[in-house]
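Geometric and topological summary
Listed here are the chains, written in short residue letters.
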Amino acid sequence: MLLAQITDLHIKPRGRLAYRKVDTAQCLETAVQALLDLPQVPDAVLVTGDLVDAGRPEEYGLLREILSPIRLPLFLMPGNHDARGPLRAGFPDHRYLGTDGPIHYAIEEFPLRLLALDSLIDGQGGGRLGAAQLDWLDRRLAEQPDRPTVVAVHHPPFATGIGHMDKVGLEDAAGLATVIGRHGRVERVLSGHLHRAIQTRFAGTLASTAPSTAHSVALDIRAGAPSAFSLEPPGFQLHWYEPSAGLVSHTAAIGDWAGPFPFFENGILID
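Now for a quick tour of the structure. Nothing here was measured: the structure is a model prediction, and the numbers come from that model.

**Here's the deal with the overall build of the chain**
In terms of helices and strands, the chain carries six helices and 15 strands. Over its C-alpha trace the chain gives a radius of gyration of 18 Å, about what one expects of a compact globule, namely 18 Å for 271 residues. Taken along its principal axes, the extent of the C-alpha atoms in the chain is 60 × 45 × 45 Å. In the chain, which comprises 271 residues, the share counted as buried stands at 53%. Put simply, the chain shows about 12700 Å² of open surface, and 54% of that area lies on carbon and sulfur atoms. Placing the 23 positive and 31 negative side-chain charges of the chain at their respective mean positions leaves the two points 5 Å apart.

As structure tokens, then:
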């Protein structure tokens, strides 16, 4: 199975630039084309939050338009910039989003099970899952203890060292760790929010974040690092699952460059 993860799209109304510099709509259009141009077609695409920038209906309308070329199973999750009502209204055919309350769901039809969580706190930058959602996750994992599973949550459940982002992290990361630690087949915890590719050990598995399809959080690992972004090459991640190999993750940059070129010609190393 091949799962594509894109994140932190931050779509604004057409023609509006994020922070007066970033055309997030154009960035996402480029990212969608990069996904469609992959030599291997993903089995599904997971979007791990901050789908739009201000949770407005018109932003979700534009998001739907830009994502429409993706004719693959597509799963959306809210981040701290999202609003559940307009998200559900903008994607009424995505029934897994439910009709009320936190947007958490289980996707069962692939070799790798997907459990998506909702860490949105309305009006705040940080995230929280809450006792009810953690209990839901615990019960879902217990239902199929031998099933390889990915757990996805917008806010990463670990400190990154980027101080201004760690201040708006996941409040109940310890509670999530307790639940994850009780179950042995969680292959990965996937997140967004940081606009960078970061990974660490977490509760007996790995937790990771993916780069944004638009701008990056500046790489400044200080507690007092100022809140800042950079225009590094955007990207996405591909998570390849094979039972004999487990889950293997690749980070792909989005952009134009030369290649690929062969290493060998007529069986001889090019030198």
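Having put the structure on the table, let's press on.
**What about a nonpolar patch on the surface?**
Taken together, Tyr19, Phe229 and Leu231 make up a surface patch of nonpolar side chains, about 310 Å² in accessible area. Turning to its location among the elements, Leu231 is positioned in the loop between strand 11 (229-230) and strand 12 (235-242).

**Looking at helix 4 (residues 131-143)**
Taking 1.5 Å of rise per residue, the 13 residues of helix 4 would be expected to cover 18 Å, and the 18 Å separating its terminal C-alpha atoms lies within 8% of that figure. The complete set of buried residues in helix 4 reads Gln133, Leu134, Trp136, Leu137, Asp138, Arg140 and Leu141.

**Quick look at the packing of helix 1 (residues 24-36) against helix 2 (residues 57-67)**
The interhelical angle for the contact between helix 1 and helix 2, taken along N-to-C directions, is 25°, at an axis separation of 9 Å. Considering their axes alone, helix 1 and helix 2 lie roughly parallel with respect to each other. Helix 2 is crossed by helix 1, and the crossing has right-handed handedness. Residues Ala25, Leu28, Glu29 and Val32 of helix 1 touch helix 2, and the partners they reach there are Leu62, Leu63, Ile66 and Leu67. Its residues assigned to classes, the contact of helix 1 with helix 2 comprises seven nonpolar, no polar and one charged.

**Notes on the pairing of strand 8 (residues 198-202)**
In this structure, strand 8 lies alongside strand 9 (residues 205-209), joined through five bridges in antiparallel fashion. Considered in strand 9, the bridge of Ile198 is made with Thr209.

**A few points about unusual backbone geometry**
Leave glycine aside and you will find that most residues have negative phi; peptide bonds, for their part, are mostly trans. For the peptide bond that leads from Gly259 to Pro260, omega is 5°, which places it in the cis range. Within the element layout of this structure, Pro260 appears in the loop between strand 13 (246-253) and strand 14 (264-265). Unlike most non-glycine residues, His195 shows phi in positive territory, near 60°. As for its placement among the helices and strands, His195 is situated in the loop between strand 7 (186-191) and strand 8. Here Asn266, not a glycine, exhibits a phi torsion of approximately 55°, which is positive. Position of Asn266 among the secondary structure elements: in the loop between strand 14 and strand 15 (268-269).

**Describing the sheet that holds strand 3 (residues 74-77)**
Spatially, five strands are ordered 3-2-1-12-13 in an open sheet, and the strand pairing comes out mixed. On the outer flanks of this sheet lie strand 3 and strand 13, each paired with one strand and no other. Put simply, the sheet's adjacent strands are angled 20° from each other on average, direction ignored. Relative to strand 13, strand 12 runs antiparallel, the two being bridged by eight bridges. The partner of Leu238 across the bridge, within strand 13, is His250. Sheet contacts for helix 1: strand 1 (2-6), strand 2 (44-48) and strand 12; angle to strand 1, the most-contacted strand, approximately 170°.

Reading guide: rules and limits
- Residues numbered from 1 in each chain as written.
- Predicted model: local features only at pLDDT ≥ 70, side-chain atom pairs only at ≥ 80, totals over all residues.
- Heavy atoms only, no water.
- Helix = DSSP H or I, 4+ residues; strand = E, 2+ residues; numbered from the N terminus.
- Rg over C-alpha atoms; globule rule 2.2 N^0.38 Å.
- Buried < 20%, exposed > 50% of the residue type's maximum accessible area, 1.4 Å probe, protein only.
- Areas by Shrake-Rupley, 256 points an atom, 1.4 Å probe, with all protein chains shown as cover.
- Lys, Arg positive; Asp, Glu negative; His and termini not counted.
- Charge placed at Lys NZ, Arg CZ, Asp CG, Glu CD.
- Patch = residues over 30% accessible without salt bridge, like charges linked within 9 Å, V, L, I, M, F, W, Y side chains within 5 Å.
- Salt bridge = Lys/Arg side-chain N within 4 Å of Asp/Glu carboxyl O.
- Expected span 1.5 Å × (residues − 1).
- Axes fitted to C-alpha atoms, helices over the stretch in contact; angles between N-to-C directions.
- Parallel < 35°, antiparallel > 145°, perpendicular 65-115°, else oblique.
- Left-handed = near helix turned anticlockwise from the far one by under 90°.
- Contact = heavy atoms within 4.5 Å.
- Nonpolar A, V, L, I, M, F, W, Y, C, P; charged D, E, K, R; others polar.
- Pairing = 2+ DSSP bridges.

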